[in-house]
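# Results of the structural survey
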Amino acid sequence: MRYLKIILKPFSFLPAILMLYIIFQLSAQPGAVSGNLSWRITHKLMVITNESFEAGWSPDQINAYAEEFHPYVRKLAHVTEYFLLAICVSFPLYVYRLRGIALMLVAGGFCVACACLDEYHQSFVAGRGPSKRDVFIDSIGVFIGVILVRMVCFVGRVTIFRDWGRKKKKRIRKRTP
């Protein structure tokens, strides 16, 4: 069982690799394609809002609200994708016993470096360009993701998994003469 854990542990980084791939693919879209995709999502959100709250908005009002909220949806997408990346990077590092400030520095630094590289990558895509503001917005998602992982792991360690650590220590004590 122990060897199986050792073999499977590196696979815990697969979600992070998948998230990096998704971010890279979204950044590789030309400006018009990316803008159109986010506008359609914003428009759909306004339609859902209209139906959910029975607001009775006309199609012109829905379009106007979509235009108004479109920049916020785009920035929220930045925060969300880097939030998810931070979680996907932080959990495996935690599994490898990287904790506390070191976890924040390594996972956070890696994710912010990815955000910088992503913005550099966008400088080669038609209709897009690098933005320091986007790196800052991405960093907010990274910070929230890393803090959330630290909180969840700490709470899990002191509540759910506390007894597992005690049982393991008892087994080790019994083995030593």
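Notes on the structure follow. The model shown is predicted, which means the values in this text are computed figures rather than measured ones.

### Quick word on the side chain of Glu 119
Topologically, Glu 119 is positioned in helix α5 (residues 100–122). Buried within the structure, Glu 119 lacks any salt-bridge partner; its nearest side chain of opposite charge belongs to Arg 128, at an N-O separation of 6.5 Å. Those residues in contact with Glu 119, other than ones at most four positions away along the chain, are His 78, Gly 129, Pro 130, Ser 131, Asp 134, Val 135 and Asp 138.

### What to know about the nonpolar core
In terms of nonpolar packing, the biggest core is built from 21 residues, with Tyr 82, Leu 85, Val 89, Ala 107, Cys 111 and Val 142 touching the most fellow members. If you list the elements that add at least two residues to this core, you get α2 (14–27), α4 (59–95), α5 and α6 (132–158). The contacts of Cys 111, once residues within four sequence positions are left out, are Tyr 82, Leu 85, Ala 86, Val 89 and Val 142.

### Considerations on the side chain of Asp 138
You can see Asp 138 is positioned in helix α6. Within the buried set, Asp 138 has no salt-bridge partner at all; the shortest N-O distance to an opposite charge, 7.9 Å, is to Lys 75.

### A look at α5
For α5, which comprises 23 residues, the first-to-last C-alpha distance of 33 Å matches the rise-based estimate of 33 Å (1.5 Å per residue) to within 8%. Looking only at α5, the buried set comprises Leu 103, Ala 107, Gly 108, Cys 111, Cys 114, Ala 115, Asp 118, Glu 119, His 121 and Gln 122. At its buried positions, α5 is contacted by α2, α4 and α6.

### Details of the pattern of salt bridges
Scanning all chains against the criterion turns up one salt bridge. Lys 75 is the partner of Asp 134 in a salt bridge, and the nearest nitrogen-oxygen pair spans 2.7 Å. Of this pair, Asp 134 sits in helix α6 while Lys 75 sits in helix α4, and the two are 59 residues apart along the sequence.

### Remarks on the packing of aromatic side chains
The final tally for this structure, using the stated rule, is four aromatic pairs. Geometrically, the ring pair formed by Trp 57 and Tyr 65 is tilted, given 4.5 Å between the ring centres and 45° between the ring planes. Of the residues examined, Trp 57 reaches a relative accessible area of 22% and is grouped as partly exposed. The exposure class of Tyr 65 is partly exposed, given its relative accessible area of 28%. Relative to Phe 124, the ring of Tyr 120 lies with its centre 5.1 Å away and its plane at 90°, an arrangement referred to as edge-to-face. Looking at Tyr 120, the relative accessible area reads 52%, which means it is exposed.

### Brief notes about the layout of surface pockets
If you add up the space inside the second largest pocket, you get close to 390 Å³. If you go around the second largest pocket, you meet 16 residues; those closest to its centre are Leu 26, Ser 38, Arg 74, Ala 77 and Glu 81. Put simply, the parts of the chain that give the lining of the second largest pocket at least two residues each are α2, α3 (31–52) and α4. Among the elements that take part in the lining of the second largest pocket, α4 stands out by supplying six residues, more than any other. Partitioned by chemical class, the residues of the lining of the second largest pocket number seven nonpolar, six polar and three charged.

### What about a positive patch on the surface?
On the surface, Lys 5, Lys 9, Arg 97, Arg 99, Arg 150 and Arg 157 cluster together into a positively charged patch. Mapping Arg 97 onto the fold places it in the loop between α4 and α5. Using a relative accessible area of 58% as the deciding quantity, one classes Arg 97 as exposed.

### With respect to the packing of α3 against α4
The interhelical angle for the contact between α3 and α4, taken along N-to-C directions, is 120°, at an axis separation of 8 Å. Viewed along their axes, α3 and α4 adopt a mutual orientation that is oblique. Crossing angle aside, the handedness with which α3 passes α4 is right-handed. Of the residues in α4, those touching α3 at Ser 34, Gly 35, Ser 38, Trp 39, Ile 41, Thr 42, His 43, Leu 45, Met 46, Val 47 and Asn 50 are Ile 62, Asn 63, Tyr 65, Ala 66, Glu 67, Phe 69, His 70, Val 73 and Arg 74. Its residues assigned to classes, the contact of α3 with α4 shows ten nonpolar, eight polar and two charged.

The rules behind these values
Residues numbered from 1 in each chain as written. Predicted model: local features only at pLDDT ≥ 70, side-chain atom pairs only at ≥ 80, totals over all residues. Heavy atoms only, no water. Helix = DSSP H or I, 4+ residues; strand = E, 2+ residues; numbered from the N terminus. Buried < 20%, exposed > 50% of the residue type's maximum accessible area, 1.4 Å probe, protein only. Lys, Arg positive; Asp, Glu negative; His and termini not counted. Salt bridge = Lys/Arg side-chain N within 4 Å of Asp/Glu carboxyl O. Contact = heavy atoms within 4.5 Å. Core = buried A, V, L, I, M, F, W, Y, C linked by side-chain atoms within 4.5 Å. Expected span 1.5 Å × (residues − 1). Phe/Tyr/Trp six-rings, centres within 6.5 Å; stacked < 30°, edge-to-face > 60°. 1 Å grid on protein atoms, 1.4 Å probe; cavity = no way out; pocket = protein on both sides within 12 Å on 5 of 7 lines; lining within 4 Å. Points joined across faces, edges and corners; volume = space filled by probe spheres on them. Nonpolar A, V, L, I, M, F, W, Y, C, P; charged D, E, K, R; others polar. Patch = residues over 30% accessible without salt bridge, like charges linked within 9 Å, V, L, I, M, F, W, Y side chains within 5 Å. Areas by Shrake-Rupley, 256 points an atom, 1.4 Å probe, with all protein chains shown as cover. Charge placed at Lys NZ, Arg CZ, Asp CG, Glu CD. Axes fitted to C-alpha atoms, helices over the stretch in contact; angles between N-to-C directions. Parallel < 35°, antiparallel > 145°, perpendicular 65-115°, else oblique. Left-handed = near helix turned anticlockwise from the far one by under 90°.

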